[in-house]
Amino acid sequence: MKSLPVIVLIITLSLSAYAQTNESPAGAYQWKRGKTELQPGYVVLKSGKRMDGKISLIGSAELVKEVEFMGDQKYLTFPVASLKGYGLTNVNPNASATVGGGPVNESPESMYEWRNMGTVMSKVIESTTPRNGYVVHRNGTKYEGELKLRRKDGVLEDIEVKTASGKEKFDAKDIARYGYTVSEAEVVQAKLAREQNNKRSFPGSIITAAGKTNGEVTLLYEQGVRNLDRIIFKGGDKLAEYTPATITGFTYVNKGVETKYTVIENVFVPEGFNGNTFQLYRNPNPTTINERATALVKSAVAVGTSAAATAVVKEDQKRNNYVSNMDSVIRVSSTEELIALRDQLAQLGGYETAQDAIENSDSESLKANLGALELAIQGRQATAAPGGILNIEWVIFNKITNEKTIVYKSQYKDQIDVLLMGCDKYLELAKPMQNDMQKWDNLAKTVKFLDGCY
């Protein structure tokens, strides 16, 4: 009888060790006849070394005796007391803390692309993009095919699998586990390819600390967003997404002209020049109002923006002898629809933005139609905003003194003169050459000249 306290102590320590060892919810494990199904997981040895692979628990949900481990061509059975910890790699965040909880997701959550399907009875319904996968029923039957998940207000509701023999649908409570049969890398490639197909791609390169890598660049401008913060780059046969946090810039070539983007204030902006002293780049956050453009669109709004825009289209149709329904489209479309149409027309013309097309296209009809759409869009936006239309501003940054000179078209001569008059080489130029330096279209050329002077 004297040994009883010792036995009680050993049992207590054993149970305590178990409670500290399992690092995943009890409901995430699928028990069947004294052991769990082999699931992606890990073990942590007493030495602190972690081993990743697949694990199966032996014993019962109340008392695990051993952990079977399979990984790196090793098959080991560990007494639970020899482990510092163990758990599952992919755990459903909604898995129950008790045995028999929700289904276990065996693929990374990032692989599931959720789409909003609307609201039913005040609950938001979402479903995933269909992809090849599987479902294992609680009775052990496995179904493979095209997998689609559906959730209600963020909680998994049911799973549908389109198999070779038909469509199967299961309530979440009847499912033991599920996942994809495609890799995470394949899902990423499919998603990027779909995004790339909706945009124009150009020969170009990405710029990192290691240098330039050539390939194909796709710009992912978002509707209604001024600045660019994502691109897709294709190097060889692989697609990858890049942001201002992952590269320092990129270039692309359109119609023989190379445009360079650099990272300023955590977004990509066009860079016109970068020398020893001066850097020229588009201001990502302009603050000055384009008074002329604002007055024009507000005037157009006063007499009917749609009427003014359609008049531009009709006049171009008459001048160039063609017929379109653009005037009707402008009258009946929402602002969002006009923005989408504007961007599509610009891209079909080979330009990334409408402004780029209006400034550089040889097609007068394209410029007229885009100008009419811009007029309609800006007019509607002007009525919704108390301010006005912002100028396109460029920043001339002195890398030595950290001074910034902001220039824009309507005030350019006075703004650039501040820098030009401080350059002795400029003062020595003939008057016609000085006049060229004061022209807005020669901004990059002028900054390059100043870089050799300061």
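Computed from a prediction, not measured in an experiment: that's the story for all the values here.

Engineer: Would you mind going over the overall build of the protein chain in detail, with residue names and values included?
Structural biologist: Check the secondary structure of the protein chain and you find twelve helices and 23 strands. In the protein chain, which comprises 454 residues, the proportion classed as buried is 41%. Sequence-distant contacts in the protein chain: of pairs separated by 6 or more residues, those separated by 24 or more amount to 53%. Total accessible area on the protein chain stands at roughly 24,700 Å², and carbon and sulfur atoms take up 52% of it.

Engineer: Run through the packing of helix α9 (residues 412-420) against helix α12 (residues 443-451), naming residues and quoting values.
Structural biologist: Contact geometry for α9 and α12: axes closest at 11 Å, N-to-C directions at 15°. Between α9 and α12, the interaxial angle falls into the category roughly parallel. Classified by chirality, the crossing of α12 by α9 is left-handed. Only L443, T446 and L450 of α12 make contact with α9, whose side of the interface consists of Y412, I416, L419 and L420.

Engineer: Before we move on, can you summarise the sheet that holds strand β2 (residues 50-59) with the specific residues and values?
Structural biologist: Strand-to-strand pairing in sheets goes through backbone hydrogen bonds, with the strands running parallel or antiparallel. Taken in spatial order, the five strands make up an open sheet running β4-β3-β2-β1-β5, and their pairing is antiparallel. Each having just a single partner strand, β4 (74-79) and β5 (83-88) make up the two edges of the open sheet. Pairwise comparison of adjacent strand axes, ignoring direction, gives a mean angle of 35° for this sheet. In this structure, strand β1 (residues 39-45) lies alongside β5, joined through five bridges in antiparallel fashion.

Engineer: Which residues make up the state of the cysteines, and what values go with them?
Structural biologist: Evaluated as defined, the whole model comprises one disulfide. Put simply, C423 and C453 are joined by a disulfide, and their sulfur atoms are 2.0 Å apart. Judged by the sign of its S-S torsion, about 120°, the cystine formed by C423 and C453 is right-handed. Here C423 is found in the loop between α9 and α10 (424-427), whereas its partner C453 is found in the segment after α12, with 30 residues between them in sequence.

Engineer: Which residues make up the pattern of salt bridges, and what values do they have?
Structural biologist: A side chain of one charge can pair with a side chain of the opposite charge if their charged atoms are brought near each other. Enumeration over the complete set of coordinates arrives at 21 salt bridges. Between E195 and R230 there is a salt bridge, and its shortest N-O distance comes to 3.0 Å. Placement of E195 in helix α2 (residues 184-197) and of R230 in the loop between β15 (211-219) and β16 (231-235) is noted, with a sequence separation of 35 residues between them. A salt bridge links K260 to E271, with the nearest nitrogen and oxygen atoms 3.2 Å apart.

Cut-offs applied
- Residues numbered from 1 in each chain as written.
- Predicted model: local features only at pLDDT ≥ 70, side-chain atom pairs only at ≥ 80, totals over all residues.
- Heavy atoms only, no water.
- Helix = DSSP H or I, 4+ residues; strand = E, 2+ residues; numbered from the N terminus.
- Buried < 20%, exposed > 50% of the residue type's maximum accessible area, 1.4 Å probe, protein only.
- Contact = heavy atoms within 4.5 Å.
- Areas by Shrake-Rupley, 256 points an atom, 1.4 Å probe, with all protein chains shown as cover.
- Axes fitted to C-alpha atoms, helices over the stretch in contact; angles between N-to-C directions.
- Parallel < 35°, antiparallel > 145°, perpendicular 65-115°, else oblique.
- Left-handed = near helix turned anticlockwise from the far one by under 90°.
- Pairing = 2+ DSSP bridges.
- Disulfide = S-S within 2.5 Å.
- Salt bridge = Lys/Arg side-chain N within 4 Å of Asp/Glu carboxyl O.

Functional significance is not addressed by these values, which are geometric in nature.
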